[in-house]
Amino acid sequence: MIYYDSKGNQVEFNGQSTDLKGGNGEIYKINDDIAYKKYFTYGENKIKQAIFELLKSFNNPHLVRLLERYYLVKDILDYDDFLYHITHIERDYAIYNRDIKKIDLYTYQWVKQEYIDILELSVDYLLDNINGLITLADLLSDKYIALSDMKYENVICNRNRIVLIDPDMYYFVNHQENKSNLRNENRRYIFQIMRSICQRLTEYKSNSISRNITELFEDSIKSPQSGLILLSKKLSGYKIPLEYALKKE
């Protein structure tokens, strides 16, 4: 199919299907490094243009690297009007608080999934990655962006780092919103998703291990502002997170 990029140039996509799909689109690979998400035509939950451009500018190692946005040529009736609205994103948001033109496809840097057990990696791996994710969450908060759709499937863990992917549902909050409240909520999301990932890794372990891993994150979720300090204290003296759960059995 033929698309316009963010500058109005035509591009054709014929990527290889990955069999990865969600409720609003499916994933294709162009090569080993680049993939794209093609939204279903009937989908409404598409990443907003302004969110896309902000996230693209971050170039943060814990966030999927967004590359370019595209629009179906066949849906464009007035090219000049289309070009205006895809290049005046901030104005559109200030006036309408929504996209006049919706993204139909976007490219991003492929993040390889490695099937690792982070409970059996070093405590430093867990704490360093959570620290990086919190830094990212704070950066989003500073731009009045709220995390959303934070689920197990939207996080990739590999030996290098933990990466958030599929940011389609991130959204702007009103600038009158208390930034410190937003910061706490975004941080809480980070601790909740990390708890979810670790809980998945205990599915075939004893119930007591599962409970102890859940307890490991409990205080951090309640007090996200000091969550990393609280987590570090609990894990102090342990080489891997699993030891924490085993010694508390």
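Before reading on, note that the structure itself is shown above.
Before going into details, it helps to say that this report is about the structure given with it. Just so it is clear, the model here is predicted, and its values are computed rather than measured.

Focus on the sheet that holds strand β4 (residues 25–29)
Within the open sheet, the seven strands sit side by side as β2-β1-β6-β7-β5-β4-β3. Their pairing is antiparallel. Only two strands of the sheet have a single neighbouring strand rather than two, namely β2 (10–12) and β3 (16–21). Neighbouring strand axes in the sheet, compared pairwise and without regard to direction, differ in orientation by 35 degrees on average. Strand direction decides the pairing type here: β4 and strand β5 (residues 34–39), joined by five bridges, are antiparallel. Within β5, the residue paired with glycine 25 across the bridge is tyrosine 39. Across the sheet, helix α1 (residues 49–58) touches β6 (66–72) and β7 (105–109), and the angle it forms with β6 is around 155 degrees.

Observations regarding the pattern of salt bridges
Opposite charge on two side chains permits pairing when their charged atoms draw close. One pass over the structure, following the stated rule, counts 16 salt bridges. Lysine 21 is the partner of glutamate 26 in a salt bridge, and the nearest nitrogen-oxygen pair spans 3.7 Å. According to the relative accessible area criterion, glutamate 26 is buried, its value standing at 15%. Of the charged contacts, one joins aspartate 104 and lysine 46 as a salt bridge, the two residues approaching to 3.1 Å between their closest N and O atoms. A residue pair is termed long-range when its members are at least 10 positions apart, and aspartate 104 in the loop between α3 (89–96) and β7 and lysine 46 in the loop between β5 and α1 qualify at 58 residues. Looking at aspartate 104, the relative accessible area reads 11%, which means it is buried. Residue lysine 46 is classed as buried on the basis of its relative accessible area, which comes to 8%. Connected through shared salt-bridge partners, Asp138, Asp142, Arg183 and Arg187 make up one network.

As for the side chain of serine 208
Looking at where serine 208 falls in the secondary structure, it is placed in helix α6 (residues 207–222). Judged by relative accessible area, which is 18%, serine 208 ranks as buried. A polar atom in the side chain of serine 208 sits 3.1 Å from the side chain of serine 206.

Observations concerning the nonpolar core
Counting residues in hydrophobic clusters, the biggest one holds 62 residues, and the most contacted among them are Leu55, Ile118, Leu164, Tyr170, Met194 and Phe217. Looking at this core element by element, the count peaks at 10 residues for helix α4 (residues 123–142). Discounting chain neighbours no more than four positions away, the residues touching leucine 164 are His62, Leu63, Val64, Leu133, Leu136, Leu147, Met150, Asn154, Val155, Tyr170 and Ile190. Counting seven residues, the second largest nonpolar core, distinct from the first, contains Tyr3, Phe13, Tyr70 and Leu72.

Focus: helix α5 (residues 179–200)
Residues separated by three or four positions in an α-helix point in the same direction, a consequence of the helix having 3.6 residues per turn. Taking 1.5 Å per residue, 22 residues should reach 32 Å; α5 reaches 32 Å between its end C-alpha atoms and fits that length. If you check which residues of α5 are buried, you get Leu182, Asn184, Asn186, Arg187, Ile190, Phe191, Ile193, Met194, Ile197 and Cys198. In the core, the buried residues of α5 are packed alongside α4, β8 (145–146), β9 (155–157), β10 (162–164), α6 and α7 (227–235).

About the criteria used
- Residues numbered from 1 in each chain as written.
- Predicted model: local features only at pLDDT ≥ 70, side-chain atom pairs only at ≥ 80, totals over all residues.
- Heavy atoms only, no water.
- Pairing = 2+ DSSP bridges.
- Helix = DSSP H or I, 4+ residues; strand = E, 2+ residues; numbered from the N terminus.
- Axes fitted to C-alpha atoms, helices over the stretch in contact; angles between N-to-C directions.
- Contact = heavy atoms within 4.5 Å.
- Salt bridge = Lys/Arg side-chain N within 4 Å of Asp/Glu carboxyl O.
- Buried < 20%, exposed > 50% of the residue type's maximum accessible area, 1.4 Å probe, protein only.
- Polar contact = N/O pair within 3.5 Å; in protein donor to acceptor, adjacent residues only side chain to side chain.
- Core = buried A, V, L, I, M, F, W, Y, C linked by side-chain atoms within 4.5 Å.
- Expected span 1.5 Å × (residues − 1).

So, to be careful, I would describe these as geometric facts and stop short of saying anything about function.
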